[in-house]
Every structure is written in C-alpha cells, then in structure tokens.
Amino acid sequence: MHAVVISGTGIYQPPHTITNAELVESFNRHVDQENARFADDIAAGVRAPLTYSSVEFIEKASGIQQRYVLEKTGVLDPARMYPRFTERPDDQLSLMAEIAVEAARQALDAACKTGDQIDAVLCSAANMQRAYPAMAIEIQQALGAGGYGFDMNVACSSATFAIEQAVNAVRTGSAKCVLVVNPEITSGHQAWNDRDCHFIFGDVCTALIIERADCATAADQWEVVGTKLVTQFSNAIRNNFGFLNRSEDSDPNARDKTFRQEGRKVFKEVVPLAAAHIEAHLAALDQAPTAVRRYWLHQANQGMNQLVIKKLVGADAGADVAPLILDEFANTASAGSIIAFHKHRADLAAGDLGVICSFGAGYSIGSVVVRKR
C-alpha cells in the first residue's frame, strides 16, 4: 500500500461577476413583470404575488456578496433568467471540458507534472453537460493523459467522494497519478427566478493532482491521512431534471427541473450530521477536533459553517481556523471546499493537520484528513 499525497491544485475562475446589487435589480424587475402579467389572478386571490429580494436579505441569509459566472447577460435578463450558451459542434471541446482543462493545467504545473504522466481522470461534479461520452474521457484526451477516466455525481460532495476514489486507486497501485476535476457550471441548474435561492450559486472549476508520495516532486505536498464518506437519503435538496423527462411527458421548464431545497430543514439536519461525521473520522485516526489546524469546509452558508466548527471545537472560530470563500464565489457545489484549500493553505507549517469536508444533497458527507509534509 502506497503513501498518497495531494501535490497540486488549480482553479478556473469565470470572467464575469454578478454582485448582489445587480442580482437584486434584475430579480425585482422580474417580480414586477410577473406580478403585472398575473395581476387579475393576484387581485382575485387565486395567485400570491411575488415579493422583492434585497441585498440585506441575501447577505443575512448566506454571507454571499457576489458570484462568478460564465455568462451573465442571460442570467440578468428578467425575461429569461438563465445563461446564454452557444451550442458547440461535437468536434469542438465542450464547455465543461474546457474549464476543466484550464484548472487541470494549473494543478499539473503546481505538481510539476505533465498530462502524459496522468493515468486516471475523474470528473466529479453536481451536474454533467451530457450523458456520454464521459466528460472525463474528453478531458483525458485534451490533456494527453493515459489510463482511464470516468464521471461521478454526488452533488455537493462530488469532489471529496472523487478524492477517495483517487486515493484508493493510488494506494492500491491501480494508478500512480490521478487528476480530479470539478467543473461546476451551477448557473445552468440554478433557479434564478426563485427568491429563496436565486442568490446561492456561482460557476467555477477546481482540480487536484493525487499521486504516490514516492513519485511526488512538488514543493507543496499534503499527505492524505484518511478519507471517510457517508450518505443518507433525503429529498430536502433535489433536482428532477433527467433523461426520462421526455418519456414522462413532463414540462422541461417546470420548477422541479432545477435546484430546489428546503433550506431550514437542510440547515437543521446537515449541521449535526457533518459535525458528528468529522468528529468520528478524526477519532478513528486518534485525533481530536482541536488538533486540527484548519478546516476547509463546504461553502454553502456562513452560518452553517460557523455552527459546524462551534460543535467541533466548542467555541466560535474565525477565518484562520475555517476560512470562507463563499462571500466571493458563492456556493460552487462540490468545488467550494477545494477552493478554500487551494487559497488558504500556504501559511500552514509542516506537520499541521487539516480537514477538507463537503456536505450536501443526498444527503452526502465526505471528509479528507491531510497533513502538510
């Protein structure tokens, strides 16, 4: 069994920013248009009027201040409220593969590796652009990688679940060097016209190189001490978009075909599950939560992360213990904890212990305990 390290990370950051103020202005124009459209029904009491959003509401509910997106004009068009992407021919690199390749090249450079040294590619994200061929195989070809590739979807825990698969492949010898990419084009499945969640998501792609420790040459290496995954079924976060929609004769634009959640229920149920999961994982490794130098947590809600940390260490902890990136990036599905790890690890010392943890739809929770070499 081989020792395994994370030897490089990368991030693709989209070119467009949407501030809360821009989002609220667009959303409230949409509200005015819809309320005028259904004025008679509203007056008759058969339809409830839509209500305005506000910057204050968004920041109090989530801690989010802005988000990055691949395309913003369609999102901010109150008559449309979803991005405008151009369909590409089959012989052109797909959009999801394109952003994954850019993040992957950054991770490869950080790990002092080239594409032909990769022998497995795992593309793991909350949504895939298509059913087949696998996005991972297209990315594999674009990078000149060997071996094999496959796609994974465990919603917001997709990245940590893929890390365990990569670690197991390297540890057991079926691969020497694995690329994990998390291309999250969340703007495509976001319900931008729903006040309860119109502010939640942003686009991004993260990448990690996971390899045998005895093959790693990068200056910055993180030993994978252990991984732990768990799932527990819940409908509290759900998206019913799928290939059977046509056969069901269902409306492809129906509300249930995009992201939706019971936010308060998710908060109440996931926080104790996540805290207990991390505590049990650390206990199995003979480590106490207070021994962890830094927690890179799923970036969905500022209050959720603060409460998870409080349950673990018994006190309020600041950004030094559990850094937040959701104020800038918003919720980027599975990529959030990886962005936090990518941006907030350089100051740690050799021997410092850290935890990368995701939690989300499923429910699903994944934790990766790492130690700086």
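Per an unreviewed UniProt entry, the protein is named Beta-ketodecanoyl-[acyl-carrier-protein] synthase, and its organism is Acidovorax soli.

Student: Tell me about the environment of Val-369, and name the residues and values.
Tutor: Along the polypeptide, Val-369 turns up in strand E13 (residues 364-372). Using a relative accessible area of 1% as the deciding quantity, one classes Val-369 as buried. For the pair formed by Val-369 and Leu-273, sequence separation is 96 residues and the distance between their alpha carbons is 17 Å. Beyond its immediate chain neighbours, meaning those up to four positions away, Val-369 contacts Glu-223, Val-224, Val-225, Gly-226, His-281, Leu-282, Leu-285, Leu-353, Gly-354 and Val-355.

Student: Describe the nonpolar core, listing the residues and the values that go with them.
Tutor: Ranked by size, the top nonpolar core spans 46 residues in total, and within it Ile-278, Tyr-295, Val-308, Val-355 and Phe-359 carry the most contacts. Counting only elements with at least two residues in this core, the list comes to helix H1 (20-37), helix H4 (73-76), helix H8 (263-284), strand E11 (294-297), helix H9 (302-313), strand E12 (353-360) and E13. Ranked by residues supplied to this core, first place goes to H8 with seven residues. When near neighbours in sequence (up to four residues on either side) are disregarded, Tyr-295 contacts Ile-278, Leu-282, Pro-289, Ile-309, Leu-312, Val-313, Val-321, Ala-322, Pro-323 and Val-355. Judged by nonpolar contacts, the second largest core, of 36 residues, contains Val-4, Ile-338, Ile-356 and Val-368.

Student: Describe the state of the cysteines, and please don't skip the residues or the numbers.
Tutor: Counting across every chain of the model gives zero disulfides. The closest cysteine sulfur to the non-disulfide-bonded Cys-197 is located on Cys-156, 13 Å from its own sulfur. Residue classification places Cys-197 among the buried residues on the basis of a relative accessible area of 4%. Of all cysteine sulfurs, the one in Cys-156 lies closest to Cys-357, which takes part in no disulfide; the gap is 12 Å.

Student: Residues and numbers for the UniProt feature "domain: Beta-ketoacyl-[acyl-carrier-protein] synthase III N-terminal" (unreviewed entry) in the protein, please.
Tutor: Those residues carrying the UniProt feature "domain: Beta-ketoacyl-[acyl-carrier-protein] synthase III N-terminal" (unreviewed entry) are residues 150-218 in this numbering. Each end of residues 150-218 is marked by a C-alpha atom, and these two atoms are 26 Å apart; helix forms 22% of the span and strand 29%.

Student: Outline the packing of aromatic side chains, supporting the account with residue identities and numerical values.
Tutor: On inspection of all chains with the given rule, the structure shows seven aromatic pairs. Seen from their ring centres, Tyr-148 and Phe-150 are 6.2 Å apart, and the 0° between their planes marks the pair as stacked. Taken together, a centroid distance of 4.9 Å and an interplanar angle of 80° make the contact between Trp-296 and Phe-341 edge-to-face. With Trp-296 in strand E11 and Phe-341 in helix H11 (residues 336-343), this pair connects stretches of sequence that are 45 residues apart. Judged on exposure class, the residue Trp-296 and its partner Phe-341 are both buried. Grouped by ring-pair contacts, the aromatic residues Trp-222, Trp-296 and Phe-341 constitute a single cluster. Lying over the aromatic face of Phe-38, Arg-47 brings its terminal NZ or CZ to 3.6 Å of the ring centre. Taking the ring centre of Phe-57 as reference, the NZ or CZ of Arg-195 above it sits at 4.0 Å.

Student: Can you tell me about the side chain of Thr-332, naming the residues and giving the values?
Tutor: Mapped onto the secondary structure, Thr-332 falls in the loop between helix H10 (326-329) and H11. The class for Thr-332 is buried, based on a relative accessible area of 0%. With near-sequence residues (within four places) excluded, Thr-332 lies in contact with Glu-184, Thr-186, Gly-202, Asp-203, Val-204, Gln-299 and Ile-339.

Student: Give me the lowdown on the packing of H1 against helix H3 (residues 55-62), citing residues and values where you can.
Tutor: Look at H1 against H3: their axes get within 9 Å of each other, and the N-to-C directions meet at 120°. Considered as vectors, H1 and H3 are oriented oblique to each other. Considering how the two elements wind past one another, H1 and H3 form a crossing that is right-handed. Note on element contacts: H3 touches H1 through Val-55, Ile-58 and Glu-59, opposite Asn-20, Ala-21 and Val-24. The residue makeup of the contact of H1 with H3, split by class, is four nonpolar, one polar and one charged.

Student: Would you mind going over the side chain of Ser-364 in detail, with residue names and values included?
Tutor: The topology assignment puts Ser-364 in strand E13. Given the relative accessible area of 1%, Ser-364 is considered buried. A distance of 2.8 Å separates a polar atom in the side chain of Ser-364 from the backbone oxygen of Ala-361. Apart from residues lying up to four places away in sequence, Ser-364 is in contact with Val-154, Ser-157, Phe-161, Val-230, Thr-231, Ser-358 and Phe-359.

Student: Please provide a residue-by-residue account of unusual backbone geometry, values included.
Tutor: Trans is the common state for peptide bonds, and a negative phi is the common state for residues other than glycine. A cis geometry characterises the amide bond from Tyr-132 onward to Pro-133, with omega recorded as 0°. Mapped onto the secondary structure, Pro-133 falls in the loop between strand E4 (120-124) and helix H6 (135-143). Cis rather than trans, the peptide bond between Gly-362 and Tyr-363 has omega equal to -10°. Of note, Met-81 is a non-glycine position whose phi angle comes to about 65°, a positive value. With respect to the secondary-structure elements, Met-81 resides in the loop between H4 and helix H5 (95-110). Residue class for Met-81 comes out buried when judged on its relative accessible area of 6%.

Student: Summarise the environment of Ala-207; cite the residues concerned and give the values.
Tutor: Assignment of secondary structure puts Ala-207 in strand E7 (residues 204-212). By relative accessible area, Ala-207 is classed as buried at 0%. Contacts of Ala-207, omitting those with residues within four sequence positions, involve Gly-8, Thr-9, Gly-10, Ala-103, Ala-104, Ala-107, Leu-179, Val-180 and Val-181.

So, how was this worked out
- Residues numbered from 1 in each chain as written.
- Predicted model: local features only at pLDDT ≥ 70, side-chain atom pairs only at ≥ 80, totals over all residues.
- Heavy atoms only, no water.
- Helix = DSSP H or I, 4+ residues; strand = E, 2+ residues; numbered from the N terminus.
- Buried < 20%, exposed > 50% of the residue type's maximum accessible area, 1.4 Å probe, protein only.
- Contact = heavy atoms within 4.5 Å.
- Core = buried A, V, L, I, M, F, W, Y, C linked by side-chain atoms within 4.5 Å.
- Disulfide = S-S within 2.5 Å.
- UniProt positions renumbered as here; feature names shortened; annotations may be inferred.
- Phe/Tyr/Trp six-rings, centres within 6.5 Å; stacked < 30°, edge-to-face > 60°.
- Lys NZ or Arg CZ within 6 Å of the ring centre and 35° of its normal.
- Axes fitted to C-alpha atoms, helices over the stretch in contact; angles between N-to-C directions.
- Parallel < 35°, antiparallel > 145°, perpendicular 65-115°, else oblique.
- Left-handed = near helix turned anticlockwise from the far one by under 90°.
- Nonpolar A, V, L, I, M, F, W, Y, C, P; charged D, E, K, R; others polar.
- Polar contact = N/O pair within 3.5 Å; in protein donor to acceptor, adjacent residues only side chain to side chain.

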